[in-house]
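One-letter residues, chain by chain:
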Amino acid sequence: MAIAWRAEEETPFRPSCGFSHIVNHGEECSSSHMFKSTRKQEVFYFAGPIIVGAGPSGLAVAACFKSRGIESLILERAPCAASSWRLKTYDRLRLHLPKYLCELPLMPFPAALPLYPTKRQFLAYLDAYAAEFGLSPRFGVAVISAERDDSAGLWRLRSDTGEEFATRWLVVATGENAEPMVPAIPGAADFRGTVLHTSAYRSGEAYRGQRVLVVGCGNSGMEVALDLCEHNAIPSIVVRETVHMLPREMLGRSTFGLSTWLLKWLPVRTVDRFLLTVARLMLGDTASLGLHRPKLGPLELKSLTGKTPVLDVGTLAKIKSGSIKVRPAIKRITDRGAEFVDGRIENFDVAIFATGYKSNVPRWLKESDMFSEMDGLPRKPFPNGWKGPNGLYAVGFTRRGLVGASLDAMRIAQDVELSYKVEK
């Protein structure tokens, strides 16, 4: 399949026929699409939905709209689509789940791709997906404010370019992972070494021979520690809390795929017991390595908290061999390293924070009914968090990865179609 646009280049913006210009001078214009404003500001009204964010979730919902004859406008602050994947992930990254569980609506992965596509292969798939559905986001446009204008029955968006937009339907697709999170640790400002978040990490090649402290034991932290080890760095990983580590595959099948199939027939706790039994046989007692498991099973914990189990891709063997050291929580950072809660003090050259990301929705969306101001996620849990009041929608906030995003994208398109056709 040909790729219609390249991520390295900005796609020029071509206003669709759904656009009209509204020039407000404090008076209501004669057009039914125009509304009052106390400011002298040109507002671009778009007749279809506006999507904020051109990651996989934003592309998915735009494609679902397109399949139903609905034109949408995607606004993206970065210079490319899927910027988190393209610009903020490490080189060795592969999809942690099989490709059939990660494909976007209406277009499967090519059959020739491996079961777990590489980062490059996944990005090529996204490029082909955008080309297939004729999706041309407006890049370099950051939405800094979006609020409801009840008198006009529209959402008004302001961007950092000085432009304003208006629409009846607003889809928030900035996702759970919009901004890196780095915890405040006593003494961090005194550290003389290199400090970075995993969003800035690419390869262990740059850290050969260096003592590296990886803070965080999720999938990213574990895989970065493995990558460092394979590039002859000397990594230690901080395991502050309990963690479920599972083999990536069980009984010849993807662990996640097998779990999904078992859940059709068995309750969550029964499936969790099965997973933990097989994991113990395959991986051994992880607690003896400093990797203590939570009291709740991996699937139940994921459902209640969104915390994803770690799928082992080789890190555990390096921990068992001693090539990767496991350390408890940090008490404080020193000028040369860290002091841990067990009293151990060690020196490090580099500290890499694999401490996750957070939503940035509360910063720009002036609304509190649908999204929590605390964490920027929908207040209603999955599967009900995709729809809010007054034409407001959310995609990519399910804590269920691309599977959850695809489900929400299809629901949103179906729901908008009902009122879109009435408008037409």
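Residues numbered from 1 in each chain as written. Predicted model: local features only at pLDDT ≥ 70, side-chain atom pairs only at ≥ 80, totals over all residues. Heavy atoms only, no water.

A. Quick peek at the overall build of the protein chain. Along the backbone of the protein chain there are 10 helices and 24 strands. Per-residue burial for the protein chain yields a buried fraction of 52% across its 424 residues. The contacts of the protein chain with a sequence gap of at least 6 include a subset with a gap of at least 24, amounting to 65%. Summed over its atoms, the accessible surface of the protein chain is roughly 19900 Å², and 52% of this surface lies on carbon and sulfur atoms. (Helix = DSSP H or I, 4+ residues; strand = E, 2+ residues; numbered from the N terminus. Buried < 20%, exposed > 50% of the residue type's maximum accessible area, 1.4 Å probe, protein only. Contact = heavy atoms within 4.5 Å. Areas by Shrake-Rupley, 256 points an atom, 1.4 Å probe, with all protein chains shown as cover.)

B. The pattern of salt bridges, seen in detail. What the rule picks out here adds up to 24 salt bridges. The partner of Glu163 in a salt bridge is Arg138, with the nearest N and O atoms 2.8 Å apart. Taken together, the residues Glu163 in the loop between strand 7 (154–159) and strand 8 (164–167) and Arg138 in strand 5 (residues 138–139) connect sequence positions 25 residues apart. A residue is classified by how much of its surface remains accessible, and Arg138, at 13% relative accessible area, is buried. Two residues, Glu346 and Arg344, come together in a salt bridge whose shortest N-O distance is 3.8 Å. The exposure class of Arg344 is partly exposed, given its relative accessible area of 38%. Through salt bridges with shared partners, a single ionic network connects Arg92, Glu223, Asp227 and Glu230. (Salt bridge = Lys/Arg side-chain N within 4 Å of Asp/Glu carboxyl O.)

C. Layout of helix 6 (residues 268–283). The terminal C-alpha atoms of helix 6 lie 22 Å apart, and with 16 residues this matches the ideal 22 Å at 1.5 Å per residue to within 8%. If you check which residues of helix 6 are buried, you get Val271, Asp272, Leu275, Val278, Ala279 and Leu283. Angular distribution of buried residues about the axis of helix 6 spans 135°; they occupy a single face of the element. Exposed positions of helix 6 whose direction lies more than 90 degrees from the buried face are Arg269, Arg273, Arg280 and Leu281. The secondary structure elements touched by the buried residues of helix 6 are strand 14 (245–247), strand 15 (249–250), helix 5 (255–262), helix 7 (298–305), strand 17 (310–312) and helix 8 (315–321). Just beyond helix 6, the residue with positive phi is Gly284, at close to 85°. (Expected span 1.5 Å × (residues − 1). Arc of directions from axis to C-beta.)

D. Quick look at the nonpolar core. If you look at the biggest cluster of nonpolar residues, it comprises 42 residues, and the most contacted ones within it are Phe65, Tyr129 and Ile412. Only helix 1 (56–67), helix 3 (119–132) and helix 10 (401–423) provide two or more residues apiece to this core. With residues up to four places along the chain from it excluded, the contact list for Ile412 reads Val61, Phe65, Val171, Trp386, Tyr393, Ala394 and Val395. Listed in part, the 28 residues of the second largest apolar core include Leu93, Cys229, Val243 and Ile324. (Core = buried A, V, L, I, M, F, W, Y, C linked by side-chain atoms within 4.5 Å.)

E. Seen up close, the packing of helix 6 against helix 7. Here helix 6 crosses helix 7 at 130°, and the two axes come no closer than 7 Å. Considering the angle they form, helix 6 stands oblique to helix 7. Residues Val268, Arg269, Val271, Asp272, Leu275 and Leu276 of helix 6 pack against Pro298, Leu299 and Glu300 of helix 7. Grouping the amino acids of the contact of helix 6 with helix 7 by side-chain chemistry returns 6 nonpolar, no polar and 3 charged. (Axes fitted to C-alpha atoms, helices over the stretch in contact; angles between N-to-C directions. Parallel < 35°, antiparallel > 145°, perpendicular 65-115°, else oblique. Nonpolar A, V, L, I, M, F, W, Y, C, P; charged D, E, K, R; others polar.)

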